[in-house]
Amino acid sequence: MKITAADVIVTSPSRNFVTLKITTDEGITGLGDATLNGRELAVATYLKEHLAPLLLNRDPHNIEDTWQFLYRSSYWRRGPVTMAAIAAVDMALWDIKGKVAGLPVYQLLGGASRTGLRTYGHASGRDLPELFDSIREHLEEGYKSIRIQTSVPGIKSLYGVAAQAQSSGERYDYEPAGRGDLPTEEDWDTRAYLRHVPTVFEAVRNEFGPEIPLLHDGHHRMTPIQAAKLGKSLEPYDLYWLEDCTPAENQDALRLVRQHTTTPLAIGEVFNTVYDFQTLIREQLIDYVRAASTHFGGISPLKKVMDYAALYQIRSGFHGPTDVSPVGLAAQSHVGLAIHNFGIQEYMEHSEATNSVFEQSLNFADGYLHPGDKPGLGVELNEEAAARFEYQRAYLPYNRLADGTVHDW
Ligand code: GCO
Ligand code: MG
């Protein structure tokens, strides 16, 4: 079998997605997600100009060899653009292999280790009543675990709070439509945040009891000692995890945080390779691997990092916001179903427009996700529908402190 075409499809149904479609001489096609939120066209160009010509006439069955060839022959290793492009190729080749075998990809990865993937949803509110309503809605939708983000008195506009997001829809989603040509500026005050967050978790535990696993995303904003303080102050509320408590680049920071708190830590949504996790896993500085198949080079390296993490009882918590396309979500759901050390899957439902472009066999019921049993990844691209949604430039927001200093968003 030979690869005869590698086409890149850019579409914007609610938000931008970059998809690679690999076609073979036997007419079988495979899809891969290459979406890098806010920098989409860099990956589309990398694929079109640099990888597509290398794929022609290769045997699509040689997934590992193709991955190693693309990674090593570029000389310039790693980085989100390179790794999202390689991820798309890797996913598309697994999709093709599954279709040839007549099996869903999770079967090729060792078969199912569970009946479904436990998910967590995103609850948020500008105040406690709004937050409680949002938690109730999520519980009614079947979610068993809930991420909590709230407004903070003294901070005007804050990551993760639906009602104040710049999205055009009513959910927190960071959809590009209507967001304009420049990034939105938000504000930040760490002391106000550190004072407020524990009071919110206390209120949520008082209202909803001790059972529900609760999560929180610090979105890379704290220094190590601030993160340690937050982890410690949240201990009475028994979090499932505290995510991205410090910027991910400084791995040593996690040692300090770990010395001070038993709140479980999740990190890695902006990581691109297993090397970014090497120290964190070996020294057991984290509890959950937050990589997304899309930004991490695809299914093959995601499976490898989880096998490495398994040696240390570290589990998965793959990154699953709506900027991971249905193809990327399917890819990591197959991995999650197959590995033994699955933890939890982040899940934000894609919009109707997105679902009209990506026809999926993914099933969400009673808080559990399943990638379905169609051969391959189980996602097909409706190219006619995709052509109706033209790319729109979109930027993620950024932060400034009260004195005008740019801060981590
Ligand atoms: C999460 C993430 C996202 C990111 C987004 C950036 O935990 O889901 O932090 O909300 O901000 O993926 O593109
Ligand atoms: Mg996050």
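The following paragraphs examine the structure supplied in this document. Throughout this document, residue positions are counted from 1 along each chain, in the order its sequence is written. Think of it this way: whatever chain is written first is A, whatever ligand is written first is 1, and the rest follow in order. Local features in this predicted model are restricted to residues of pLDDT 70 or higher, and side-chain atom pairs are both shown and tallied only at a pLDDT of 80 or more, whereas totals for entire chains, interfaces and linings draw on every residue. The side-chain figures draw on all heavy atoms in the structure; neither hydrogens nor water molecules are used.

Observations regarding the sheet that holds strand β17 (residues 398–400)
Operational definition: Here, a strand pair is defined by DSSP locating no fewer than two bridges between the strands. Only DSSP runs of H or I with at least four residues qualify as helices, and only runs of E with at least two residues qualify as strands; both kinds are numbered from the N terminus onward.
The strand order β6-β17-β18 describes an open sheet built from three strands, whose pairing is mixed. The open sheet is flanked by β6 (185–187) and β18 (406–407), the only strands paired with a single partner. Sheet topology note: the β17/β18 ladder contains two bridges and is antiparallel. By the bridge assignment for β18, N399 is matched with H407.

A closer look at the coordination of the magnesium ion (ligand 2)
This is how it is decided: Each metal's donors comprise the N, O and S atoms found within 2.8 Å of it (within 3.2 Å for Na, K or Ca). Water is not part of the atom list, so some coordination spheres may appear incomplete. Whether a residue is buried, partly exposed or exposed follows from its accessible area with a 1.4 Å probe, protein chains only, as a fraction of its type maximum: under 20%, in between, or over 50%, in that order.
Each protein donor to the magnesium ion (ligand 2) is listed here as D217 (OD), E243 (OE) and E269 (OE); together their distances run 2.0 to 2.2 Å. In primary-sequence terms, the residues that donate to the magnesium ion (ligand 2) follow D-x25-E-x25-E. Residue D217 is found in strand β7 (residues 214–217), and its partner E243 is found in strand β8 (residues 241–243); the two are separated by 26 residues along the sequence. For D217, a relative accessible area of 2% puts it in the buried group. Owing to a relative accessible area of 0%, E243 belongs among the buried residues under this scheme.

Remarks on helix α1 (residues 40–55)
Rules: Each residue after the first adds 1.5 Å to the expected span of a helix. Bend angle per residue: angle between axes fitted to the 7 residues ending at that residue and the 7 residues starting there. Whether two residues touch is decided by their heavy atoms; if any such pair falls within 4.5 Å, the residues are in contact.
Spanning 16 residues, α1 covers 21 Å between terminal C-alpha atoms, matching the ideal 22 Å at 1.5 Å per step. Most pronounced at K48, the bend in α1 amounts to some 35°. The secondary structure elements touched by the buried residues of α1 are β1 (3–11), β2 (17–24), α2 (63–73) and α3 (80–101). Remark: N57 follows α1 within two positions and exhibits a positive phi of approximately 75°.

Some points on the side chain of D95
Along the chain, D95 turns up in helix α3. Not counting chain neighbours up to four residues away, the residues in contact with D95 comprise T29, G30, L31, V105, P375, G376, L377, G378 and V379.

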